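Analysis of the macromolecular model
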Amino acid sequence: MPIDIETFSNASDEELTEVTNAEKVVRFLHRNNDKAFTPSEIAEGAGVKKSSISTVLRRLRERNLVEHKGDYWAIGDEKTVREAFRFHRSMEDLDDRFGAEDIDEWRDHAAANRDE
């Protein structure tokens, strides 16, 4: 989505870089990799709405990016986290270069070629 030139001129790089809630959580936990936190503490520390944190943590756990024991959560295996972020950045770079995939277009193409 385009932004006006005044916003572009006056904002910092950080303000113009969209960061997902998952990235915020992983970055927070990585910066504090010597501790484990409750979901409320993670939401506050990462700047994520408390109403979203459970879903974010569950999805990160499904990808082995965070660990969970009892009421506490911590960063997952460093190698796994690093590889996931490299992959994510690579996909963003490809989207920037070639455009994001249109999932509906992909499905239509896959369905049309299924009968061949």
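Here's a quick rundown of the structure. (Residues numbered from 1 in each chain as written. Predicted model: local features only at pLDDT ≥ 70, side-chain atom pairs only at ≥ 80, totals over all residues. Heavy atoms only, no water.)

Description of unusual backbone geometry
Positioned with a positive phi, Asn64 is a non-glycine residue whose angle comes to about 60 degrees. Mapped onto the secondary structure, Asn64 falls in the loop between helix H5 (50-62) and strand E1 (66-69). (Helix = DSSP H or I, 4+ residues; strand = E, 2+ residues; numbered from the N terminus.)

Overview of the packing of helix H3 (residues 21-31) against helix H4 (residues 39-46)
Here H3 crosses H4 at 100 degrees, and the two axes come no closer than 9 Å. Taken as axis vectors, H3 and H4 run roughly perpendicular relative to one another. Two secondary-structure elements touch here, H3 through Lys24, Val25, Phe28, Leu29 and Arg31 and H4 through Glu41, Ile42, Gly45 and Ala46. A breakdown of the residues in the contact of H3 with H4 according to their chemical character gives 5 nonpolar, 1 polar and 3 charged. (Axes fitted to C-alpha atoms, helices over the stretch in contact; angles between N-to-C directions. Parallel < 35°, antiparallel > 145°, perpendicular 65-115°, else oblique. Contact = heavy atoms within 4.5 Å. Nonpolar A, V, L, I, M, F, W, Y, C, P; charged D, E, K, R; others polar.)

Notes on the pairing of E1
One ladder, built from 4 bridges, connects E1 with strand E2 (residues 72-75); its direction is antiparallel. Counterpart to Lys69 in the pairing with E2 is Tyr72. Hairpin connection between E1 and E2: a loop of 2 residues separates the two successive antiparallel strands, and Gly70 in this loop has a positive phi of roughly 60 degrees. (Pairing = 2+ DSSP bridges.)

No statement about biological role is implied by the geometric values presented.
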